[in-house]
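The lines below spell out each chain.
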Amino acid sequence: MNLPNFHIVIPARFASQRFPQKMLADLAGKPVVQWVYELALKAGAESVTIATDHADIFSAAQAFGADVVMTRTDHENGTERLAEVAQLKGWSGDEIVVNVQGDEPLLPIALIHDAVKALADDAESEMATVACPIHRSEDIFNPSVVKVVCDAKGRALYFSRATMPWDRDGFAEQPAQISADYPALRHVGLYVYRVSLLGRYAQMPMSPLEKWEKLEQLRFLHQGIKVQVALTQELPPHGVDTPEDLAALSAKLGR
């Protein structure tokens, strides 16, 4: 696969509602964020940077040899943190940046490559993300599973926690079943941006759609920004959201 040059930024917040300090939690002998950093190094990016808002993460990252940047503490999300890093690094507007979450130590490298290629191949899109088929009917009706529907060019039309599209006839006959050709995909939270978009993000107000759905990507659609969607066939491994996730992943790694 021929890929353009791209950067990876790993936003690493210290605070977390469900799992405080999880970035520094021990996972088979290393902090969670170190696993993610070492994984990202294998992706062939031009640079890999950890962006944090806390001295403890900064020190830990320096200790295992990472390129780490201390960012402001008032960012609302990882996208704003990426924008600050891009500005600090002086990256040009046409460069590509991948947001790799700091709590996903088993993220497949192929997923990063697919998303970068999707954006690089679509000159009109300013960002890309990833989705996979929905295999279970119950996921369609689960608000924790974010759905995306796309246009003929593979660009996102809408993201929602709701069941969409509504199969008017099918659901009337079998409410809990989805047909084999149901067009919604399951959204996978990996984002790739052109730096020029990151530079404009801070000036974009929260959209009404984002307010209700609590989905940041709707801010971009509300502004008319084209979002290309790369398709993968399988849902990637679960990240570290809770102490229980950490314990399960430690067991999976055989430690």
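From a predicted model like this one, the values you see are computed outputs, not experimental measurements.

Draft legend 1. Region of interest: the packing of aromatic side chains. Counted according to the given criterion, the structure contains 7 aromatic pairs. Centre to centre, the rings of Trp166 and Phe171 are 4.7 Å apart; their planes meet at 70°, and the pair counts as edge-to-face. When its relative accessible area of 4% is taken as the criterion, Phe171 is described as buried. Ring centres of Tyr201 and Phe220 lie 5.3 Å apart, and the angle between their planes is 25°; this geometry places the pair in the stacked category. Residue Tyr201 is found in helix H7 (residues 195-201), and its partner Phe220 is found in helix H9 (residues 217-222); the two are separated by 19 residues along the sequence. Considered together, Tyr201 and Phe220 belong to a single accessibility category, that of buried residues.

Draft legend 2. Focus on unusual backbone geometry. Going from Met164 to Pro165, the amide bond is cis rather than trans, its omega being -10°. With respect to the element layout, Pro165 can be found in the loop between strand S9 (156-160) and helix H6 (168-173). Unusually for a residue other than glycine, Ala28 sits at a positive phi of about 50°. Along the polypeptide, Ala28 turns up in the loop between strand S2 (26-27) and strand S3 (30-31). For Ala28, a relative accessible area of 13% corresponds to the buried category. Even without a glycine there, the phi angle at Lys214 is positive, about 60°.

Draft legend 3. Representation of the environment of Val36 in the model. As for its position among the elements, Val36 is in helix H1 (residues 32-41). A relative accessible area of 0% means that Val36 is categorised as buried. Linking Val36 and Leu107, residues 71 residues apart in sequence, is a C-alpha distance of 8.1 Å. Ignoring anything within four residues of it in the chain, the contact list for Val36 reads Ile10, Val100, Gln101, Gly102, Asp103, Glu104 and Pro105.

Draft legend 4. Looking closely at the side chain of His7. Here His7 shows up in strand S1 (residues 6-12). When sequence neighbours within four positions are dropped, the list of residues in contact with His7 reads Ala45, Glu46, Ser47, Trp91, Glu95, Ile96, Val97 and Val98.

Draft legend 5. Highlighting the environment of Lys252. Assignment of secondary structure puts Lys252 in helix H10 (residues 243-252). Here Lys252 falls in the exposed class, since its relative accessible area comes to 60%. Taking the C-alpha atoms as reference points, Lys252 and Glu213, 39 residues apart in sequence, are found 33 Å from one another. Dropping the residues within four chain positions of it, Lys252 is found in contact with Leu106 and Pro237.

Draft legend 6. Up close: the pairing of S1. Where burial is concerned, most of S1 is hidden: 7 out of the 7 residues are buried. Alignment of S1 against strand S6 (residues 96-99), held across 4 bridges, turns out to be parallel. Its bridge partner lying in S6, His7 is registered against Val97.

Draft legend 7. The layout of surface pockets, seen in detail. Its volume calculated, the second largest pocket comes out at about 180 Å³. Every residue along the wall of the second largest pocket is listed here: Arg72, His75, Glu80, Ala83, Glu84, Gln87, Leu198, Gly199, Ala202 and Gln203. It is helix H3 (residues 78-89) that provides the largest number of residues to the lining of the second largest pocket, a total of 4 residues. Residues belonging to the lining of the second largest pocket are distributed by class as follows: 3 nonpolar, 4 polar and 3 charged.

Calculation notes
- Residues numbered from 1 in each chain as written.
- Predicted model: local features only at pLDDT ≥ 70, side-chain atom pairs only at ≥ 80, totals over all residues.
- Heavy atoms only, no water.
- Phe/Tyr/Trp six-rings, centres within 6.5 Å; stacked < 30°, edge-to-face > 60°.
- Buried < 20%, exposed > 50% of the residue type's maximum accessible area, 1.4 Å probe, protein only.
- Helix = DSSP H or I, 4+ residues; strand = E, 2+ residues; numbered from the N terminus.
- Contact = heavy atoms within 4.5 Å.
- Pairing = 2+ DSSP bridges.
- 1 Å grid on protein atoms, 1.4 Å probe; cavity = no way out; pocket = protein on both sides within 12 Å on 5 of 7 lines; lining within 4 Å.
- Points joined across faces, edges and corners; volume = space filled by probe spheres on them.
- Nonpolar A, V, L, I, M, F, W, Y, C, P; charged D, E, K, R; others polar.

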